[in-house]
Amino acid sequence: MSDIDVQTKRRYDLIPNLIESVKGYMAHESGVFEKVTEARTRAMNAGGGQEKLAAENMLTGALKTLFAVSENYPQLRANENFLHLQQELTDTEDKIQAARRFYNGNVRDLNTAIQVFPTNLIASTFGFGPLEFFESESAAEREPVKVQF
């Protein structure tokens, strides 16, 4: 889980820079900025487990919306700083997904091990129980964001 935390921290650090580079081009899109900023704050302050998962999913959705809206601004798409930050954020998102897959694979292995003899005896003796997977809560969160004007 620490690899996920490292990558989400990196994402939190990149977001303010991205917002600042975009603000000048998209002045009338302040609602998008507010959503991203609010989602970032929630994700940074989230506890553990399902609260953290929900906050991270909200942040991912807000960032998708920001990138979708930015497609309507050709000057912004040509801005080198924005493109660099967008690439860094995309790279970080890919690393978060890889860390989630790794974590979920380990959770799957642990959950299987605590149900199979003889490891189930040791697991029950020491009180080990199944862990939850790190995944989206609903199918709607897995769909790409649709922006309409």
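Summary of the structure given here.

The rules behind these values
- Residues numbered from 1 in each chain as written.
- Predicted model: local features only at pLDDT ≥ 70, side-chain atom pairs only at ≥ 80, totals over all residues.
- Heavy atoms only, no water.
- Axes fitted to C-alpha atoms, helices over the stretch in contact; angles between N-to-C directions.
- Helix = DSSP H or I, 4+ residues; strand = E, 2+ residues; numbered from the N terminus.
- Parallel < 35°, antiparallel > 145°, perpendicular 65-115°, else oblique.
- Left-handed = near helix turned anticlockwise from the far one by under 90°.
- Contact = heavy atoms within 4.5 Å.
- Nonpolar A, V, L, I, M, F, W, Y, C, P; charged D, E, K, R; others polar.
- Buried < 20%, exposed > 50% of the residue type's maximum accessible area, 1.4 Å probe, protein only.
- Salt bridge = Lys/Arg side-chain N within 4 Å of Asp/Glu carboxyl O.

Right, let's get into the packing of helix α2 (residues 30-45) against helix α3 (residues 49-70). Remark: α2 packs on α3, axes separated minimally by 8 Å, with the N-to-C direction vectors making an angle of 155°. Judged by the inter-axis angle, α2 sits roughly antiparallel to α3. Here the hand of the crossing between α2 and α3 comes out left-handed. Facing α2, whose interface residues are V32, F33, K35, V36, E38, A39, R40, R42 and A43, α3 presents K52, A55, E56, M58, L59, A62, L63, T65, L66 and V69. Residue composition of the contact of α2 with α3, by class: 12 nonpolar, one polar and six charged.

What follows deals with the environment of L18. For L18, the location among the structural elements is in helix α1 (residues 2-23). Since its relative accessible area comes to 1%, L18 is described here as buried. Residues L18 and L83, spaced 65 residues apart in sequence, show a C-alpha to C-alpha distance of 9.4 Å. Setting aside chain neighbours within four positions, we find L18 in contact with L66, F67, F82, L85, Q86 and L89.

Okay, the pattern of salt bridges next. The final tally for this structure, using the stated rule, is five salt bridges. The partner of R10 in a salt bridge is E88, and the shortest N-O contact between them spans 2.3 Å. Of the two residues, R10 is situated in helix α1 and E88 in helix α5 (residues 80-113); the sequence distance between them amounts to 78 residues. Judged by its relative accessible area of 23%, E88 falls in the partly exposed class. Residue R10 is joined to D91 by a salt bridge in which the shortest nitrogen-to-oxygen separation is 3.5 Å. Taken together, the residues span a long stretch of sequence, with R10 in helix α1 and D91 in helix α5 at a distance of 81 residues.

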